[in-house]
Amino acid sequence: MIREICRDETFLAQKAAPATADDLATAQDLLDTLTAHKDGCVGMAANMIGVLKRIIVFQDGSKYVVMLNPEVKWVSPETYTIKEGCLCHEGAQDVTRHAAIEVEFQDLRMNKCRRKYDGITAEIIQHELDHLEGILV
């Protein structure tokens, strides 16, 4: 189900709670909402649709990836600064991102996975992980 984008900064500033198998419907709603906004958005965190759970979805090339309980396990020492925007608020701001990251997460079957990402995909994931920590970019 496509959900409305939350713009309440007080809500968005809260940290997300761990996701469980009971939250798989939220993961699907998040994916549906991202797909509906594909022309202007490449990633979303569950709090963006009003749910404080540790779930993100993002575009990785031509496919979408869903991560439950993502946690960064490694970051490259190389960083860069870039201007990022978000559907949750107007404007954009400079942020510093790592060029590559390694993330541990659970997939939609609740299997534990670990993958490395770089480039724009690593940037998207870092943006969405900020959301899970209540950080607005």
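Residues numbered from 1 in each chain as written. Predicted model: local features only at pLDDT ≥ 70, side-chain atom pairs only at ≥ 80, totals over all residues. Heavy atoms only, no water.

Engineer: I would appreciate a short explanation of the overall build of the protein in the present structure.
Structural biologist: Across its full length, the protein holds three helices and seven strands. From first element to last, N terminus to C terminus, the protein shows the α and β order α-α-β-β-β-β-β-β-β-α. For 137 residues, the compact-globule formula gives about 14 Å, and the C-alpha radius of gyration of the protein, at 14 Å, lands near that figure. Overall, the C-alpha framework of the protein stretches about 35 × 35 × 30 Å when taken along its three principal axes. Within the span of the protein, comprising 137 residues, buried residues form 46% of the whole. (Helix = DSSP H or I, 4+ residues; strand = E, 2+ residues; numbered from the N terminus. Rg over C-alpha atoms; globule rule 2.2 N^0.38 Å. Buried < 20%, exposed > 50% of the residue type's maximum accessible area, 1.4 Å probe, protein only.)

Engineer: How should the pairing of strand S5 (residues 89–98) be read in this particular structure?
Structural biologist: Two faces make up the sheet, and in a regular strand the side chains alternate between them. Where strand S4 (residues 79–86) and S5 come together, eight bridges link them in antiparallel fashion. Looking at the pairing, glutamate 84 lines up with glutamine 93 of S5. Between S4 and S5, which pair antiparallel and follow one another directly, the connecting turn spans two residues. (Pairing = 2+ DSSP bridges.)

Engineer: Would you take a moment to explain the side chain of glutamate 102 for this structure?
Structural biologist: By the secondary structure assignment, glutamate 102 is in strand S6 (residues 100–106). Overall, glutamate 102 belongs to the buried group, its relative accessible area being 17%. If we skip the residues at most four places from it in the chain, glutamate 102 touches Glu71, Val72, Lys73, Trp74, Arg114, Arg115 and Lys116. (Contact = heavy atoms within 4.5 Å.)

Engineer: Explain the nonpolar core here, please?
Structural biologist: The tendency in soluble globular proteins is for nonpolar side chains to be buried as a group. Counting 21 residues, the largest nonpolar core has Leu30, Met44, Ile55, Val57, Val66 and Cys88 as the members making the most contacts within it. Of all the elements in the fold, those that place two or more residues in this core are helix H1 (9–12), helix H2 (24–36), strand S2 (55–60) and strand S3 (63–75). Considering every element that reaches this core, the biggest residue donor is H2, with four residues. Leaving out residues up to four positions away in the same chain, valine 57 has contacts with Ala27, Leu30, Leu31, Leu34, Gly43, Met44, Val65, Val66 and Glu128. Counting residues in hydrophobic clusters, the runner-up holds 16 residues, among them Ile56, Phe58, Val103 and Tyr117. (Core = buried A, V, L, I, M, F, W, Y, C linked by side-chain atoms within 4.5 Å.)

In short, the description is geometric, and any link to function would need to be established separately.
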